[in-house]
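Observations on the three-dimensional arrangement
Okay, here's what each chain looks like letter by letter:
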Amino acid sequence: LVARRTTSDHWLRLSAPTPNFVCDSTLASKAFTLDGQTWLLLDRNLFRHSTTNRQLAVDYLIVTRDVYPSEELFRHIRPSTLITTGDVYARNNAKFSKLASDNGINFYAVKEQGALHLTK
């Protein structure tokens, strides 16, 4: 699983509870639950030029540099919080921030704000 490989060192180092990964398919291999919250990691534009009648609701959506900031993304996924990784260009962070604000979604840019720390 991509998400498991990406995060496993962090869980060990922080002695955090191991997340429950949903399953192993193109999209679901990047999804997991942790403490009852759903997470999705997108590292490419899976939804460009596609349509859907339903949105996938997640608590946290993490996007990397290779995801283009577009309204199309929010037609497919409805996150409570959008997180951009440290490799996202400043220009795209600004676009993601505006898109999140326009859609009533919380926004967090790791590049600007540092590591995200969640508390219970």
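Each remark here, short or long, concerns the structure printed above.
Residues numbered from 1 in each chain as written. Predicted model: local features only at pLDDT ≥ 70, side-chain atom pairs only at ≥ 80, totals over all residues. Heavy atoms only, no water.

**A few points about the environment of Tyr89**
Relative to the elements of secondary structure, Tyr89 occurs in the loop between strand 5 (77-84) and helix 3 (90-102). For Tyr89 and Thr64, which are 25 residues apart along the polypeptide, the C-alpha to C-alpha distance reads 9.5 Å. With residues near it in sequence (within four places) discarded, Tyr89 still touches Arg65 and Lys111. (Helix = DSSP H or I, 4+ residues; strand = E, 2+ residues; numbered from the N terminus. Contact = heavy atoms within 4.5 Å.)

**Structural notes on the side chain of His76**
Turning to its location among the elements, His76 is positioned in helix 2 (residues 71-76). Classification of His76 by relative accessible area gives buried; the value is 7%. A polar side-chain atom of His76 sits 2.9 Å from the main-chain carbonyl oxygen of Glu72. (Buried < 20%, exposed > 50% of the residue type's maximum accessible area, 1.4 Å probe, protein only. Polar contact = N/O pair within 3.5 Å; in protein donor to acceptor, adjacent residues only side chain to side chain.)

**A short note on the side chain of Ser70**
Relative to the assigned elements, Ser70 resides in the loop between strand 4 (56-63) and helix 2. Among the residues examined, Ser70 registers a relative accessible area of 13% and is labelled buried. A polar contact is formed between the side chain of Ser70 and the backbone nitrogen of Glu72, at a distance of 3.1 Å.

**Thoughts on the pattern of salt bridges**
With the rule as written, the count across this model stands at 1 salt bridge. Between Lys98 and Asp102 there is a salt bridge, with the nearest N and O atoms lying 2.8 Å from each other. You can see Lys98 and its partner Asp102 sitting in helix 3, 4 residues apart, about one turn around the helix. Of the two residues, Lys98 and Asp102, both sit in the exposed class. (Salt bridge = Lys/Arg side-chain N within 4 Å of Asp/Glu carboxyl O.)

**Focus on the environment of Lys111**
Here Lys111 lies in helix 4 (residues 110-113). Note: C-alpha distance between Lys111 and Asn93 (18 residues apart in sequence) is 8.7 Å. The residues touching Lys111, leaving out its near neighbours within four places in the chain, are Thr85, Gly86, Val88, Tyr89, Ala90 and Asn93. Reaching out from Lys111, the side chain makes a polar contact with the backbone oxygen of Val88 at a distance of 3.4 Å.

**Quick notes on the packing of aromatic side chains**
Here the structure, examined in full by the defined rule, presents 2 aromatic pairs. Seen from their ring centres, Phe32 and Trp39 are 5.8 Å apart, and the 5 degrees between their planes marks the pair as stacked. Each member of the pair Phe32 and Trp39 is classed as buried. Centroid distance Trp39 to Tyr60: 4.2 Å. Interplanar angle 20 degrees. Geometry classified as stacked. Here Trp39 is found in strand 3 (residues 37-42), whereas its partner Tyr60 is found in strand 4, with 21 residues between them in sequence. Each member of the pair, Trp39 as well as Tyr60, carries the same accessibility label: buried. In textbook terms, an aromatic cluster arises when at least three aromatic residues are bridged by ring pairs, as seen for Phe32, Trp39 and Tyr60. (Phe/Tyr/Trp six-rings, centres within 6.5 Å; stacked < 30°, edge-to-face > 60°.)

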